[in-house]
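If you want the building blocks of each chain, they are given just below.
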Amino acid sequence: MIRFFRLFTVAGLALSSMAAIPADTKLTTEQLISRLTAAIENLKTLRCNVRAQERIDGSYQQARTSMKMAFKPYKVYLRNQKGIEVLYVTGQNDGDAWVYPNSFPYVTVSLDPLGSMMRKTQHHSVLDAGYGTIAELLRGSSQRADHSFEKSFRYAGDTTVQGRPAHILRADYPSSAT
């Protein structure tokens, strides 16, 4: 299975502010991973529209969500295409998220962000929103003694996305049954 991480949002928001590598110096995978991880760790806020597709119980679940996030402390607001709204703020509401279901009885409820109600048709929770998971994948990979990350992640050149320069980081994974 081959997966491409389309990280142009991070590239556009954070990497563009970093010092450019001179034209005669080739960017390495390790340099790109280091720059990308640093950019993710330095994010203060993030706004995006997410289109997700997950396979749950053999069928694909589609979702479109508008997301607003702040880091330190971690806060996330989500609104999906059905009008369901979720607000999670670290250290508030006894660790629960506020959820407005946009259906009867039209009241906001508090739910465990890791509970079955909030994760009914998805693998990831509201606590996984943002680029933190990608940063952990990248950061954790370089610490392996066998350097297997060099086989998984590869700098694959440059491109332009919505008129802005971006780097392509390619991830190749063996096929899996998931």
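These numbers were taken from a predicted model, which means no experiment stands behind them. (Residues numbered from 1 in each chain as written. Predicted model: local features only at pLDDT ≥ 70, side-chain atom pairs only at ≥ 80, totals over all residues. Heavy atoms only, no water.)

A. Seen up close, the overall build of the protein chain. Counting its regular elements, the protein chain contains 4 helices and 9 strands. Helices and strands in the protein chain line up, N terminus first, as β-α-α-β-β-β-β-β-β-α-α-β-β. By residue count, 30% of the 178 residues in the protein chain fall in the buried class. Once local pairs closer than 6 in sequence are excluded, the contacts in the protein chain between residues at least 24 apart make up 40%. In the form shown here, the protein chain has an accessible surface area of approximately 11,800 Å², with 52% of it arising from carbon and sulfur atoms. (Helix = DSSP H or I, 4+ residues; strand = E, 2+ residues; numbered from the N terminus. Buried < 20%, exposed > 50% of the residue type's maximum accessible area, 1.4 Å probe, protein only. Contact = heavy atoms within 4.5 Å. Areas by Shrake-Rupley, 256 points an atom, 1.4 Å probe, with all protein chains shown as cover.)

B. Up close: helix α2 (residues 29-41). Relative to the 18 Å expected for 13 residues at 1.5 Å per residue, α2 spans 18 Å between its end C-alpha atoms, a close match to the ideal helical length. Taken together, the buried positions of α2 are Thr29, Leu32, Ile33, Arg35, Leu36, Thr37, Ala39 and Ile40. (Expected span 1.5 Å × (residues − 1).)

C. Structural detail: the pattern of salt bridges. One pass over the full model with this rule turns up 1 salt bridge. With a closest N to O distance of 3.8 Å, Glu85 and Arg79 form a salt bridge. Of the residues examined, Arg79 reaches a relative accessible area of 40% and is grouped as partly exposed. (Salt bridge = Lys/Arg side-chain N within 4 Å of Asp/Glu carboxyl O.)

D. Expanded view of the sheet that holds strand β4 (residues 75-80). Pairing in this open sheet of 6 strands is antiparallel, and the strands run β2-β3-β4-β5-β6-β7 from one edge to the other. Pairing within the sheet leaves two strands with one partner each, and these edge strands are β2 (45-56) and β7 (109-111). Pairwise comparison of adjacent strand axes, ignoring direction, gives a mean angle of 25° for this sheet. Relative to strand β6 (residues 97-100), strand β5 (residues 85-89) runs antiparallel, the two being bridged by 3 bridges. Among the inter-strand pairings, Val86 is bridged to a residue of β6, identified as Val99. (Pairing = 2+ DSSP bridges. Axes fitted to C-alpha atoms, helices over the stretch in contact; angles between N-to-C directions.)

E. Region of interest: the environment of Thr121. Examined against the element boundaries, Thr121 turns out to sit in the loop between β7 and α3 (132-141). Taking the relative accessible area as the measure of exposure, Thr121 reaches 42% and is therefore partly exposed. On a C-alpha basis, the gap between Thr121 and Ile56 in space is 6.6 Å, while along the polypeptide they are 65 residues apart. Discounting residues that sit within four places of it in the chain, Thr121 has contacts with Ile56 and Gln61.

F. The arrangement of the confidence of the model for the protein chain in detail. Taken as a whole, the protein chain shows an average pLDDT of 79; of its residues, 76% reach a score of 70 or greater. Below a pLDDT of 50 lies the segment residues 1-19, which in the model reaches 44 contacts outside its immediate sequence neighbourhood of four places, other chains included. (pLDDT = per-residue confidence, 0-100.)

G. Seen up close, the side chain of Thr65. With respect to the helices, strands and loops of the structure, Thr65 is situated in strand β3 (residues 59-70). In contact with Thr65, not counting residues within four places along its chain, are Cys48, Asn49, Val50, Leu78, Arg79 and Asn80.

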